[in-house]
Protein chains: 2
Amino acid sequence: VKAVSPKRCGAKADFLSALLQKVRRSVRRHHLLPAGSPVLVGLSGGSDSVALTVVLQELSRHADFRVVALAHLNHQIRTAAPGDEAFCRAFAERRGLPILVESLDVRGYAATQRYSIEDAARRLRYDFLTRAAAQAGATLIAVGHTQDDQAETFLLKLVRGAGLTGLGGIYPRRGAVVRPLLDVSRMELQAFLHDRGETWVDDETNQDLANPRNRIRHRVLPELELAYGGAARAIARAAGLAGEDGQWLDDLAERRYAELCIRRDQTLEIDCAGLIADPGPIRRRVLFRALRSASGGREIGLDHIEAALAVATGDAAAADLPGSRLELRRGKLVLLEQDAAS
Amino acid sequence: VKAVSPKRCGAKADFLSALLQKVRRSVRRHHLLPAGSPVLVGLSGGSDSVALTVVLQELSRHADFRVVALAHLNHQIRTAAPGDEAFCRAFAERRGLPILVESLDVRGYAATQRYSIEDAARRLRYDFLTRAAAQAGATLIAVGHTQDDQAETFLLKLVRGAGLTGLGGIYPRRGAVVRPLLDVSRMELQAFLHDRGETWVDDETNQDLANPRNRIRHRVLPELELAYGGAARAIARAAGLAGEDGQWLDDLAERRYAELCIRRDQTLEIDCAGLIADPGPIRRRVLFRALRSASGGREIGLDHIEAALAVATGDAAAADLPGSRLELRRGKLVLLEQDAAS
């Protein structure tokens, strides 16, 4: 366990109340912690989740929710893992909270399920947190994603070509999982912990630049900050707003899809005239849903949407798409699943 | 004038036709060059605009539009400016096209109008291109923005906090101005020019890293490409799609604004119940329009929107905003312009 001590920060009292106020504002805006909620906090031992625990405990004194337990997953990946677990147990005792700990073979799970280590760790972590919440009698699971994670995730989605279904980053709330720290930077949290006399553990795997997220964190975001001060905060805010826009457009498109599309066995019939008359953002999302329904998990890209649109507008007779073929038949776009098409 | 020769590129014939096909596809998708259009091309002498001229001349052989003239603005900023002008005149002659040239004091205009040099140059350039198009009898003005410009502009808007009104980049078409190269990279264009035996001039001011755009071009985008290959292309595409989404949401909000807001002298009355019932993306944009109408050109940020929303939901009695004050009076949000409020 490497204990880290951050730099000091000026104008302390004002700053600290500003931090708590910021979190309280996020909590209120997104209705993260309804009155009476028993909350479980996911704890890695890093500065974000340690700060989340302390912040929520302090906020709960003036609000109607309770932190009822902590939960730590030992990923068995890093050499420091046993030390991290010991740190978390000691921290829980210091904060007067029960802690649920599980140890899982993330590497083995990734190998058998053919997930990346990052994907496997995320799946196992949320499964574990769900079990732990049930065990602790918590209705909500708070996790420590920050403004920095939000900016990184947005940029990562952006370069991976997620523009098609709308940008957006990490959601403040998804099911039972809530993220109260999305408007706060890691640096603010570390200054806060320093003031409270709390330490944390550092994740040395976060330094590896071969990992795209780490390159974005350590190389891209600092360069963006040099280009324009406050870049990470601006990106995190844009991510939140783009997420809101995208979610609403997706909802509209879902309703429109139900109006325009009829499934018959292995084909999907789409009302072509209706689709063509829709505005671009809705048309694109309806087609995306349609194509994805037949793709068997294969990725649908902008090129596929455009090929499908060409059929709809009569510029092409048919389009071969992942898992399906699209044809225009008497005013209907007919999407034939691959088995049916051959 | 520094003449530049790019690296060679393999699989030539396929590659070249792919480039022209790509441009033709953008032209078709965004209806950039309607049949019969006489087109003026804005020419800086850089690789993008030189390639644009050649590409459009070649495409016009198989299509129903004509390149009728070139237009070059001498900005009088760079020491190479006279050389650039000479290069453009020689290029025009070689291509068999008339060229309109003007020389303007961009620096002086920026100083008197208090614009940045970049802003001043853009305003003067588009004014000049509009005059030149009228003189040449052109109905459209083609300019050479590429996929790289699109990605840079998106990132620049992003870090500057443009998320509030929706992200998005450069529009393929705005009034008489069309941008047929937004789906093509600068590198593809330079390889194309090399093949055609054309040279171009380099803009050495583009190297200055104190300029945010240049830092994004030379530092941020290369790091993003290392994080994820094809990053610039993915960003450019996301920018196009986000622009489409944003434009439609803005249109919806404009109509909703007309329904919800009534202007009376120096106040704006907003139907509060209607506003609250609207989905977040519309509500935010309606409030942005309302606040901007009273801000006298001052910037409206997310904090202002949230302060206004707090008044709407009854969480605050009033909000002081740039150029205005917002109060809730008998179910109406009343925005008082600053003179009227005092």
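Residues numbered from 1 in each chain as written. Chains lettered and ligands numbered in written order. Predicted model: local features only at pLDDT ≥ 70, side-chain atom pairs only at ≥ 80, totals over all residues. Heavy atoms only, no water.

S.K.: Tell me about the overall build of chain A, and please be specific about residues and values.
M.R.: Of the regular secondary structure elements, chain A holds 13 helices and eleven strands. Oriented by its inertia axes, the alpha-carbon framework of chain A measures out at about 70 × 45 × 40 Å. Per-residue burial for chain A yields a buried fraction of 52% across its 342 residues. For chain A, long-range pairs separated by at least 24 residues make up 69% of all intrachain contacts whose partners lie at least 6 apart in sequence. Looking at chain A as shown, the accessible area adds up to about 15,700 Å², and 49% of this sits on carbon and sulfur atoms. Considering chain A, the positive charge centre built from 48 side chains and the negative charge centre built from 43 side chains are found 3 Å apart. (Helix = DSSP H or I, 4+ residues; strand = E, 2+ residues; numbered from the N terminus. Buried < 20%, exposed > 50% of the residue type's maximum accessible area, 1.4 Å probe, protein only. Contact = heavy atoms within 4.5 Å. Areas by Shrake-Rupley, 256 points an atom, 1.4 Å probe, with all protein chains shown as cover. Lys, Arg positive; Asp, Glu negative; His and termini not counted. Charge placed at Lys NZ, Arg CZ, Asp CG, Glu CD.)

S.K.: Account for the pairing of strand β9 (residues 318-321) of chain A, with residues named and values stated.
M.R.: Because side chains alternate across β9 of chain A, one face comprises the buried residues Ala 319 and Leu 321 of chain A, and the other comprises Ala 318 and Asp 320 of chain A, none of which is buried. Between the antiparallel neighbours β9 of chain A and strand β10 (residues 324-329) of chain A lie two residues, among them Gly 323 of chain A with a positive phi of about 80 degrees. (Pairing = 2+ DSSP bridges.)

S.K.: Can you explain the packing of helix α11 (residues 280-293) of chain A against helix α9 (residues 231-260) of chain B? Please cite residues and give values.
M.R.: Across the interface, α11 of chain A lies against α9 of chain B with an axial gap of 8 Å and an inter-helix angle of 125 degrees. Considered as vectors, α11 of chain A and α9 of chain B are oriented oblique to each other. Contacts between α11 of chain A and α9 of chain B involve Gly 280, Pro 281, Ile 282, Arg 284 and Arg 285 of chain A from the former and Leu 241, Glu 244, Asp 245 and Trp 248 of chain B from the latter. Taken together, the residues of the contact of α11 of chain A with α9 of chain B sort by class into four nonpolar, one polar and four charged. (Axes fitted to C-alpha atoms, helices over the stretch in contact; angles between N-to-C directions. Parallel < 35°, antiparallel > 145°, perpendicular 65-115°, else oblique. Nonpolar A, V, L, I, M, F, W, Y, C, P; charged D, E, K, R; others polar.)

S.K.: Outline the relation of the copies chain B and chain A, listing residues and values.
M.R.: You can overlay chain B on chain A at an RMSD of 0.1 Å; the transform is a turn of 180 degrees with a shift of 0.0 Å along its axis. In symmetry terms, the pair is related by a two-fold rotation axis. Closest to the rotation axis within chain B is the C-alpha of Val 220 of chain B, separated from it by 2.8 Å. Of the interface residues in chain B, 100% have counterparts in chain A that sit at the interface too, so the contact is made through matching surfaces. (Least-squares fit on C-alpha atoms with pLDDT ≥ 70 in both.)

S.K.: Could you give an account of the sheet that holds strand β11 (residues 332-337) of chain A, with specific residues and numbers?
M.R.: Residue and element names in this part refer to chain A. Strand order across the open sheet formed by five strands is β7-β8-β11-β10-β9, with antiparallel pairing between neighbours. Pairing within the sheet leaves two strands with one partner each, and these edge strands are β7 (261-264) and β9. For this sheet, the mean inter-axis angle between neighbouring strands, taken without regard to orientation, is 20 degrees. Inspection of the sheet shows β9 paired to β10 by four bridges, in the antiparallel sense. Bridge pairing links Ala 318 to Glu 327 in β10. Docked against the sheet, helix α9 (residues 231-260) engages β7 and β8 (267-271), running at close to 55 degrees with respect to β7. With respect to the sheet, helix α12 (residues 302-312) is in contact with β9, β10 and β11, its orientation differing from that of β9 by roughly 160 degrees.

S.K.: Help me get a handle on α12 of chain A, residues and values and all.
M.R.: Residues of α12 of chain A that are buried include every one of Leu 302, Ile 305, Ala 308, Val 311 and Ala 312 of chain A, and no others. Where α12 of chain A is buried, its residues contact α10 (272-277), α11, β9, β10 and β11 of chain A together with α9 of chain B. Two residues or fewer after α12 of chain A comes Gly 314 of chain A, characterised by a positive phi angle close to 85 degrees.

S.K.: Lay out the interface of chain B and chain A with the relevant residues and their values.
M.R.: Opposite the 42 residues of chain B that make contact, chain A presents 42 residues. Carbon and sulfur atoms supply 69% of the area buried between chain B and chain A, which totals about 3,800 Å² over both sides. The largest contributions to the chain B side of the interface with chain A come from Val 159, Leu 241 and Trp 248 of chain B, which together make up 16% of the buried area. In this structure, the salt-bridge partner of Arg 237 of chain B is Asp 303 of chain A, at a minimum N-O distance of 2.8 Å. At the surface where chain B touches chain A, the tally comes to 14 residue pairs in polar contact (both at pLDDT 80 or more). Of all the secondary-structure elements, those providing two or more residues to the side of chain B that touches chain A are α6 (147-159), α8 (212-227), α9, α11 (280-293) and α12 (302-312) of chain B. The greatest single-element share of the side of chain B that touches chain A, amounting to 13 residues, is contributed by α9 of chain B. Here the side of chain B that touches chain A is composed, by residue class, of 26 nonpolar, three polar and 13 charged. (Buried area = accessible area lost by both parts, 1.4 Å probe. Salt bridge = Lys/Arg side-chain N within 4 Å of Asp/Glu carboxyl O. Polar contact = N/O pair within 3.5 Å; in protein donor to acceptor, adjacent residues only side chain to side chain.)

S.K.: Tell me what's going on with the sheet that holds strand β4 (residues 140-142) of chain A, and back it up with residues and numbers.
M.R.: Residues and elements named next belong to chain A. Spatially, β3-β2-β1-β4-β6-β5 is the arrangement adopted by the six strands of the open sheet, whose pairing is mixed. Strands with a single pairing partner mark the edges of an open sheet, and in this sheet they are β3 (99-103) and β5 (173-174). Sheet topology note: the β5/strand β6 (residues 177-178) ladder contains two bridges and is antiparallel. Within β6, the residue paired with Arg 174 across the bridge is Val 177.

S.K.: So what about the pattern of salt bridges? Which residues, and what values?
M.R.: This model, assessed by the stated rule, comprises 60 salt bridges over all chains. Asp 183 of chain A serves as the salt-bridge partner of Arg 29 of chain A, at 3.6 Å between the closest nitrogen and oxygen. You can see Arg 29 of chain A sitting in helix α1 (residues 12-29) and its partner Asp 183 of chain A sitting in the loop between β6 and α7 (186-196), a full 154 residues away along the chain. Here Arg 29 of chain A falls in the partly exposed class, since its relative accessible area comes to 33%. Salt-bridge contacts for Glu 118 of chain B lead to Arg 213 of chain B; the nearest nitrogen and oxygen are separated by 3.7 Å. Taken together, the residues Glu 118 of chain B in helix α5 (residues 117-136) and Arg 213 of chain B in helix α8 connect sequence positions 95 residues apart.

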